[in-house]
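Structural description and commentary
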Amino acid sequence: ASVFLMGSPLSTLRTVLKDQSTKSMPSLLTSITTWMNAFSWGLYGLIIVKDFYVYAPNVLGLILATFQLLLYCVLPSTTQIS
């Protein structure tokens, strides 16, 4: 369930790619905090408790959050008028 939560901002991916804008996605702060949360829990699961059921969903969430952040880097949140 946590993977769906972390990847839920990507539900607007079709709109983002069609409009070439991230304005339909939640705020950038949401993606940053999702990335930090997945990173910290992933490290905890991998290094401290060595539990697959802790680190696996968080590594997947980290990948999804990284993709969200890349979208923010590549596509502007507003369209620029030339």
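Above this text sits the structure in question.
Here's a quick rundown of the structure. (Residues numbered from 1 in each chain as written. Predicted model: local features only at pLDDT ≥ 70, side-chain atom pairs only at ≥ 80, totals over all residues. Heavy atoms only, no water.)

**Overview of helix 3 (residues 28-48)**
Taking 1.5 Å of rise per residue, 21 residues should cover 30 Å, and helix 3 covers 29 Å from first to last C-alpha, within 8% of that figure. Burial in helix 3 covers these residues: Ser31, Thr34, Ala38, Gly42 and Gly45. Take helix 3 and look down its axis: the buried residues cluster within an arc of 70 degrees, on one side only. Seen from the open side of helix 3, the exposed residues pointing more than 90 degrees away from its buried face are Leu29, Ile47 and Ile48. In the core, the buried residues of helix 3 are packed alongside helix 1 (2-7) and helix 4 (52-74). Following helix 3 by one or two positions, Lys50 adopts a phi angle in the positive range, close to 50 degrees. (Helix = DSSP H or I, 4+ residues; strand = E, 2+ residues; numbered from the N terminus. Expected span 1.5 Å × (residues − 1). Buried < 20%, exposed > 50% of the residue type's maximum accessible area, 1.4 Å probe, protein only. Arc of directions from axis to C-beta. Contact = heavy atoms within 4.5 Å.)

**Considerations on the packing of aromatic side chains**
Across all of its chains, the model carries 4 aromatic pairs by this definition. With 5.7 Å between their ring centres and 85 degrees between their planes, Phe52 and Tyr55 make a pair best called edge-to-face. With a gap of 3 residues between them, Phe52 and Tyr55 both fall in helix 4, about one helical turn apart. In this structure Tyr55 comes out as partly exposed when scored by relative accessible area, which is 24%. Put simply, the rings of Phe52, Tyr53 and Tyr55 pair up and form one aromatic cluster. (Phe/Tyr/Trp six-rings, centres within 6.5 Å; stacked < 30°, edge-to-face > 60°.)

**Overview of a nonpolar patch on the surface**
Taken together, the side chains of Phe39, Trp41, Leu43, Tyr44, Leu46, Ile47, Ile48 and Val49 define a hydrophobic patch exposed on the protein surface, amounting to about 740 Å² of accessible area. The topology assignment puts Leu43 in helix 3. Assessed through its relative accessible area of 35%, Leu43 is described here as partly exposed. (Patch = residues over 30% accessible without salt bridge, like charges linked within 9 Å, V, L, I, M, F, W, Y side chains within 5 Å. Areas by Shrake-Rupley, 256 points an atom, 1.4 Å probe, with all protein chains shown as cover. Salt bridge = Lys/Arg side-chain N within 4 Å of Asp/Glu carboxyl O.)

**Structural notes on helix 4**
For helix 4, spanning 23 residues, the distance from its first C-alpha to its last is 32 Å, which sits close to the expected 33 Å at 1.5 Å a residue. Those residues of helix 4 not exposed but buried are Val54, Ala56, Asn58, Gly61, Ala65, Gln68, Leu71 and Tyr72. Those residues of helix 4 that are buried lie in contact with helix 1, helix 2 (13-19) and helix 3. At the N-terminal boundary of helix 4, the capping side chain belongs to Asp51, with an oxygen 3.1 Å from the backbone nitrogen of Tyr53. (Polar contact = N/O pair within 3.5 Å; in protein donor to acceptor, adjacent residues only side chain to side chain.)

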